[in-house]
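Tertiary structure, described
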Amino acid sequence: MGFIIYTILVLIILILSLYIFLLKKEIKRIVKEIRNTKTEKSNVVINKEINEKNINKLIKEINSLIKEINQREINVYTKSERLQKMITNIAHDLRTPLTSAIRIYRFNKK
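Residues numbered from 1 in each chain as written. Predicted model: local features only at pLDDT ≥ 70, side-chain atom pairs only at ≥ 80, totals over all residues. Heavy atoms only, no water.

Notes on the overall build of the protein
Our working rule: Here a strand is any run of E in DSSP of at least two residues, a helix any run of H or I of at least four, and the numbering for each starts at the N terminus. The atom set for the radius of gyration is the C-alpha atoms, and the globule formula is 2.2 Å times the number of residues raised to the power 0.38. Relative accessible area decides the class of each residue, using a 1.4 Å probe on protein chains only: under 20% of the type maximum gives buried, over 50% gives exposed, and in between gives partly exposed. Every residue pair with non-hydrogen atoms within 4.5 Å of one another is taken to be in contact. Counting rule for charge: Lys and Arg are taken as positive, Asp and Glu as negative, and neither His nor the chain ends is counted. Lysine's charge is taken at NZ, arginine's at CZ, aspartate's at CG and glutamate's at CD.
When its secondary structure is counted, the protein shows 2 helices and 0 strands. Relative to the 2.2 N^0.38 estimate, which gives 13 Å for 110 residues, the radius of gyration of the protein is 32 Å and therefore markedly larger than a compact globule would have. Burial analysis of the protein (110 residues in total) assigns 14% to the buried set. Put simply, of all contacts in the protein between residues at least 6 apart along the chain, 44% involve residues at least 24 apart. Of the side chains in the protein, 22 bear a positive and 10 a negative charge, and the two mean positions are spaced by 8 Å.

Printed below as a string of structure tokens:
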């Protein structure tokens, strides 16, 4: 009877050890993908290799964060482009009457 309990406990420990090993491996893979996404400025979503509830939640949140960051970068770029166009237009609007005024001033000075 003791041998059966001992065997069952050893099996449970082996299964749990394997499960922990797989979770650690998946976490290391996720960290590596996050580093790659960060260094390459990529918007690639992180995929899951094992189906575990908490890992799935983590990946979902990370992917949501990546999408949000990319959207913010797009918004900043768009606003920057609009600001640059507005500055260009204002500069043009100021330059045209100033050029005319300078020509009139030079003409009247002669």
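Looking at the side chain of Thr37
Our working definition: Distance and chemistry together define a polar contact, namely a pair of N or O atoms within 3.5 Å, with one atom able to donate a hydrogen and the other to accept it when in protein, and with adjacent residues in sequence counting only for side-chain atoms on both sides.
Mapped onto the elements of the fold, Thr37 is located in helix H1 (residues 2–40). A polar contact is formed between the side chain of Thr37 and the backbone oxygen of Glu33, at a distance of 2.8 Å. Contact partners of Thr37, with chain neighbours within four places excluded, come to Ser42, Val44 and Ile66.

So, the side chain of Arg29
Inspection of the secondary structure puts Arg29 in helix H1. Classification of Arg29 as buried rests on a relative accessible area of 14%. Separated by 2.7 Å, the side chains of Arg29 and Glu26 make a polar contact. Ignoring any residue separated from it by four or fewer positions in sequence, one finds Arg29 in contact with Asn47, Lys48, Glu49 and Ile59.

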